[in-house]
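Spelled out from the first residue to the last, the chains are:
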Amino acid sequence: MGSVAGVAPPDNAHRKGVKPLRAGQGHSFLLRKLHSLTGIVPIGAFLIEHIISNLEIVHGPVAYAKQVLFLNSLPLVRVLEWAFIFIPLLFHAGYGVFIAVRGRSNVNVYPLAGNWMYVMQRVSGIIALLYIIQHLWFQRFSGVSLPEHPGLAYWKVQYELSNPWMVAVYVIGMVATCFHFSYGIWLFCAKWGITPGDDARRKLGYATTAFGVILCGLGLWSIAAIVSAPMVPAVEVIPAPADDSAPAVVPTYQVPTVQQYDSNGQPIPQSAVPQQYAPQPQQ
Amino acid sequence: MATTPRIIVVGGGLAGLSAVMKIAEAGGKVDLFSIVPVKRSHSVCAQGGINAAKNLKGEGDNVDKHFDDTVYGGDFLANQTPVKNMTAQGPAIIDLLDRMGVPFNRTPEGLLDFRRFGGTLYHRTAFAGATTGQQLLYALDEQVRRYESEGKVTKYEGWEFLSAVIDSTGVCRGICAMDLRTMEVRTFPADAIIICTGGNGAIFGKSTNSVVCTGSAQSALYQQGAYYSNGEFIQVHPTAIPGEDKLRLMSESARGEGGRVWVPRKKGDPRPAKTIPEADRYYFLEEKYPKYGNLVPRDIATREIHKIVYEQDLGIDGQPMVYLDVSHIDRATLEKKIEGILEIYEKFVGEDPHEVPMKIFPGVHYTMGGLWVDFNQQTNIPGIFAAGEADYSIHGANRLGANSLLSCIYGGFVAGPQAMTYAKNLPAQTGDGGHAAEKVRQMEYNNILLQNQGTENPFKLWRELGDTMTRHATIVRYNAGLKEADAKIVELLERYRNINLTDKSQWANTSFAFSRQLYNMLQLARVIVQGAEKRDESRGAHYKPDFPDRNDEQFLKSTMAAYDAKSDAPVITYEEVDTQWIKPRPRVYTSS
Amino acid sequence: MAKKSAHVEKPKPYTGSTFKVSIKRQASPDAPAHTEEFTLPYRSGLNITSVLVDIAANPINATGATTTAIAYDSNCLEEICGSCAMLINGKARMACSALVDALLHENGKGEITLAPLSKFPVVRDLAVDRSVLFENLKAVKAWVPIDGTYDLGAGPKQFPQIQEERYPLSNCISCTICMEVCPQFNDSTNFVGAATIAQARLFNLDPSGAVLKEDRLRALAGDGGVQECGYAQNCVQACPKQLPLTEAISDMGRDVAIQQVKDFFTR
Ligand SMILES: Cc1cc2nc3c(=O)[nH]c(=O)nc-3n(C[C@H](O)[C@H](O)[C@H](O)COP(=O)(O)OP(=O)(O)OC[C@H]3O[C@@H](n4cnc5c(N)ncnc54)[C@H](O)[C@@H]3O)c2cc1C
Ligand code: HEM
Ligand code: HEM
Ligand code: SF4
Ligand code: F3S
Ligand code: FES
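These figures come from a predicted structure and were not determined experimentally.

All right, on to the domain arrangement of chain C then. Residue and element names in this part refer to chain C. Once the domains are mapped, chain C shows domain 1 (18-128) and domain 2 (131-147 + 155-265). Centre-to-centre separation of domain 1 and domain 2, based on C-alpha positions: 31 Å. With 13 residues of domain 1 at the interface, the matching set in domain 2 holds 14 residues. Note on domain 1 versus domain 2: buried area summed over both sides is about 1100 Å², and carbon and sulfur give 62% of it. Of all residues in domain 1, Glu79, Lys119 and Phe120 give up the largest surface area on contact with domain 2, accounting jointly for 50% of the area buried on that side. Seen at the junction of domain 1 and domain 2, the total is 5 residue pairs in polar contact (both at pLDDT 80 or more). The set of elements that each furnish at least two residues to the side of domain 1 that touches domain 2 consists of β3 (85-88) and β4 (91-94). At 3 residues, the largest contribution of residues to the side of domain 1 that touches domain 2 is made by β4. For the side of domain 1 that touches domain 2, a count of residues per class yields 8 nonpolar, 2 polar and 3 charged.

Next up, the structure:
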């Protein structure tokens, strides 16, 4: 016809509310999958390792010291630590917080099991974050440096846990992290399509619950062990390694002279009388 | 003449979307108007299936038999040529739908599965679970969305068609429509328009139809000079679930899969249905129609149920209800084939039809009549086409189950290309083609309606209309009642002038939009009632006990209603029916 | 097909002669919202849509003042067109299948509250704009790209097993309830929502629709794509048509990831 101008189509540009999918654009997929992966592979794997390592606590200060020494004497341990623990953790935590704040939880209206888990995953993530910050500060970046003085690991932890509040913090941190990790495995499988069916997801749910309970039990066991053990004095039970590149050989002999530290981790000047280390009876 | 014809399609049900697809495919530009988002059109409600004689069950079915069943089922009132064309295209249409990804049920070999429906002896109905209409509508909607993303189709969802723009030579040049959010009234130019606005169940108050099935658009066009044909033919579905706001359909597929209709033999039998022994159950359809059994055509089943309840007084607990029983069929079969419709019953009634028989009663269901169209789907106004339930073709005096979806797609497939051809040969309009004048006319109407200081509530008027129409113009009709109904409608039209809108706002004013539709419903109701009154015979869905026989001599004719502005009433004339292919014969389903 | 037929509890009859409905109203998208109460005569067998028609026929609120009819979307009244989703007693559901008898017992107060869906822009009263779903369906090319509508003979054979996997997904009525109830669906994530993911799956399963499979998978990896799902599983619980949504999300999550890896190495 041509004589009449075409009519403008309805205008959708100024839409309020949720925007349509940006098909194929942006990088959030990659970031989200990295978040997911980091949760499992370096961090989750580390958590398992860490909890099992900490179980050495049960065998007393020397055993624990050996374990800490062993870990710290792995080749390129500082590089490994940053590459496989701190950076992934930083990313997972940072992006995790970003994810968590963008969700709009509604369990108050829809108190359904899956929805609760969704909220708990976020809450436990945040708890884990707070726990890890304080944990790293007190155990890794302040006080006596355990990589340099692995022999003091038991004492350092026990000293920290001599404060009942800290025990509570550790227990909560442990429960939250283990929950977060075990449900995280379930989530991972659901989202990556490893368990597409309802049945598969239910069965995996049993498995990850059992896994989480066991993991958490082991963690709590070491906490209980160190809290209930008699206080050890602040003496190094094994010598500090000379430097980072020290061979991963754990000496079998204990040096009788040990450096003592005060509660702030400051070395106490050596007394004239040499002190003897008396091993604690094992539980 | 511009190179790209611009066509407006009004209505985004199956008929509208089919037309849009054909036009977009042929390179035309389409503006698609719909009150509701097209995916929410009434076509989505269809449950049972769609017919096509593919003969995949080795029963010797073919398109000629489908043709014959349709004409015979429609009591010979349908023009036969379009029916012949439609049934011939049936198999290709099913194939097309299949290719579009409609999840039709399958045989173990991976072929299309077919079920039996009313009015035929063949397994001729393809189905996708119990949501065939939804699946078809979505499939077409998806195709149209694809064209939309390619810029060939522009959708105007949430716009209501008010009237056609007709130039001084009587040629349609576009439409006048209203945005239901901003209430803005605007005209849109087009070389041709296709009306696919569905049925008019809302005229009867409660029906199995959707809320927007008011027939308002058809009525507006009728008032602008289009013929409205066979208005009196309204199908009342035998099995609907009585409800507060609507009658929810219990699809014929419940009977197709072996559902049985019965009442207790003893009047007012107090026993729970399940405990009533076979001998005390009256399977009245099976006894009277041994060959078709529960699958007799709808008009017959409806009248039999009506008789059982009102003449023999055998309704359950004395209520207007009979049993529709599928509880003898094993769960697995039900789940696979008709789970969807059983869920509807369970959801809305709160009883499990796997366990207890359903209680059902007939409900207004389908509009056989509609805008008069020629064999190219064009109305008597040049440039206005119509398709789907909105037109009068194909089904004659009674529609067979699962034929409607087919007729909608067929109608759209004819109307689309025909409108293109028409548009290509259309001489340019002179002046503005009547756009400005039409817009002024509609705005004035709106202003009057909004400013009216009356006392009548439009929704109450509508309820009265519904009651009147249901009482006098459905299953059984008497001339006295029809006259009474017509007088009542005139009274309602009078009271309409005294309407008062409590809501005078200019934003998403639903009661205002409804009031506009109500006026059109009232006008169309008169067409139905007067057509019925004048047709002194019984044919298909139209049944008068005072004239129990079909009268071919006098009434083998299409009713043609034209609006007379002076008397503000329909003028009814008749047109010969095209019976060139099949000689009319008596329609009996009792014997073989 | 999994048997999940909604278990319907037969509501006990309500004993009052009237009941209260309070409705969150808003005259236009920018107008302030307020709550209006209605006291209505009780009948058994009412559903929410019939309550709204009753109000339209007699627009008098609880204080006796004349008011306007409530704006809301509805069409089929049998839970198939997907129009009438709203918050009923705080929860997202379909107004036409929400039975008053059951609702009156639900909060123990003999009262019903209605509000518009909270995640979509309000048009007026209970009517909201849900066109984002349709935009999303466009974005994932939720269609089968057929060659043409002319007669090209029968479609490809499809075994009933495939049909049975596709059919439940094809039952989506575009009501957007799965989006409303999803904690991840909001204007900071712009998550696409479960329905669109399920529809992409539906078309990927179709023998001919699979032609666009890779396009759909790439689309779903965009911002707001399948990765935004936090598996809260509200969607699958709330969906009135019981679509296997979480299953579809899992399947698509896998397929999208695989596609991304493939693309990384080949594009
Ligand atoms: C419950 C039920 C079950 C059925 N089951 C079957 C079945 O199994 N098999 C079968 O073959 N048939 C069945 N039918 C019949 C069939 O569904 C309808 O006849 C068919 O869907 C009508 O399609 P349509 O395209 O003509 O119109 P509709 O689908 O009704 O679409 C009408 C369109 O027009 C629009 N519209 C209306 N008025 C206006 C206006 N003024 N301005 C702008 N737009 C407007 C609407 O928004 C809508 O998009 C059933 C019907 C019902 C009620
Ligand atoms: C039983 C409870 C725990 C004990 C006794 C414990 C003890 C310790 C100690 C002693 C260190 C310092 C080791 C070193 O510097 O070499 C450490 C480091 C660390 N802990 Fe724990 N921890 C516990 C639980 C946890 C938990 C639940 C997490 C959470 C993931 C966690 C995360 C870390 C991290 C990330 C480091 C730093 C690792 C590194 O330096 O390589 N710990 N922990
Ligand atoms: C330090 C703070 C942490 C925060 C804020 C955090 C946050 C989150 C959040 C919000 C999720 C959910 C993502 C989603 O649902 O889409 C998540 C998932 C996960 N997290 Fe963490 N997390 C933290 C620490 C950890 C730790 C210590 C571990 C391992 C022990 C871990 C392992 C996982 C795993 C395995 C997942 C599932 C991955 C997936 O969603 O696919 N997270 N985290
Ligand atoms: S998936 Fe379910 S909840 Fe979501 S839109 Fe479809 S029908 Fe509604
Ligand atoms: S509720 Fe939302 S977070 Fe995922 S599982 Fe469903 S889409
Ligand atoms: S009105 Fe159609 S779903 Fe409720």
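Back to the text.
Bringing the site of ligand 5 into the picture now. In the vicinity of ligand 5, the residues found are Cys182(C), Gln184(C), Phe191(C), Cys229(C), Gly230(C), Tyr231(C), Ala232(C), Gln233(C), Asn234(C), Cys235(C) and Ile249(C). Classifying every residue of the shell around ligand 5 gives 7 nonpolar, 4 polar and no charged.

Here Arg78(A) is to be found in helix α3 (residues 77-102). For Arg78(A), the side chain forms a polar contact with the side chain of Asn72(A), separated by 2.8 Å.

Octahedral six-donor coordination of a metal ideally yields angles of 90 or 180 degrees, compared with 109.5 degrees for tetrahedral four-donor coordination. Residue and element names in this part refer to chain A. At this site the iron atom of ligand 3 is bound by His92 (NE2) and His180 (NE2), with donor distances of 1.9 to 2.0 Å. Around the iron atom of ligand 3, the 6 donor atoms are arranged such that angles at the metal cover 85 to 179°; this shape is classified as octahedral. Of the two residues, His92 is situated in helix α3 and His180 in helix α6 (residues 164-191); the sequence distance between them amounts to 88 residues. Judged on exposure class, the residue His92 and its partner His180 are both buried.

Residue and element names in this part refer to chain B. Considered for burial, the residues of helix α2 (residues 63-73) that qualify are His66, Phe67, Asp69, Thr70, Val71, Tyr72 and Gly73. Of the surrounding secondary structure, the elements contacted by the buried residues of α2 are β3 (50-51), α3 (80-99), β5 (123-126) and α10 (404-424). The distance from a side-chain oxygen at the start of α2 to the backbone nitrogen of Asp64 is 3.0 Å, and the residue carrying that oxygen is Asn62. The first or second residue beyond α2 is Asp75, which carries a positive phi of 55°.

Moving on, we get to the sheet that holds strand β21 (residues 569-576) of chain B. Residue and element names in this part refer to chain B. Strand order in the open sheet made by the 4 strands is β18-β11-β20-β21, with antiparallel pairing throughout. Every interior strand has two partners, whereas the edge strands, β18 (370-371) and β21, have only one. For strand β11 (residues 228-229) and strand β20 (residues 557-564), the ladder comprises 2 bridges, and the chain directions are antiparallel. Note on β20: the bridge partner recorded for Ser229 is Met560. Its contacts with the sheet put helix α14 (residues 510-534) on β11, β20 and β21, and the angle it makes with β21 is roughly 50°.

Conventions adopted
Every chain is numbered independently, its residues counted from 1 as its sequence is written. Numbering of ligands from 1 and lettering of chains from A proceed in the order in which they are written. Where local features are concerned, this predicted model is filtered to residues with pLDDT of at least 70; where side-chain atom pairs are given and counted, the filter is 80 or more; whole-chain, interface and lining totals use all residues. Calculation of side-chain values draws on the structure's entire complement of heavy atoms; hydrogens and water are dropped beforehand. Each domain's extent was defined by an automatic or database domain assignment. Residue contacts are defined here by distance: any two heavy atoms, one from each residue, within 4.5 Å place the two residues in contact. Once two parts are put together, the accessible area they lose, assessed with a 1.4 Å probe and summed over both, is termed the buried area. Think of a polar contact as two N or O atoms within 3.5 Å of one another; within protein, one of them needs to be a possible hydrogen donor and the other a possible acceptor, and neighboring residues in sequence only count if both atoms come from side chains. A run of DSSP states H or I qualifies as a helix once it reaches four residues; a run of E qualifies as a strand once it reaches two. Both are numbered from the N-terminal end. Think of it as three bins: nonpolar holds Ala, Val, Leu, Ile, Met, Phe, Trp, Tyr, Cys and Pro, charged holds Asp, Glu, Lys and Arg, and polar takes everything else, Gly as well. The near set for a molecule or strand comprises every residue that places at least one heavy atom within 4 Å of it. Note on donors: an N, O or S atom is included if it sits within 2.8 Å of the metal, or within 3.2 Å for Na, K and Ca, and water is never included, so sites can look incomplete. Geometry assignment treats four donors as tetrahedral when all angles are between 85 and 135 degrees, treats four as square planar and six as octahedral when opposite donors are over 155 degrees apart and all others between 65 and 115, and treats everything else as irregular. Throughout, exposure labels follow a simple rule: accessible area from a 1.4 Å probe, protein chains only, divided by the maximum for the residue type, with under 20% read as buried, over 50% as exposed, and the rest as partly exposed. A pair of strands is considered paired only if DSSP assigns at least 2 bridges between the two. In this analysis, axes come from line fits to C-alpha atoms, helices being fitted only over the stretch in contact, and the angle between any two N-to-C directions falls in the range 0 to 180 degrees.

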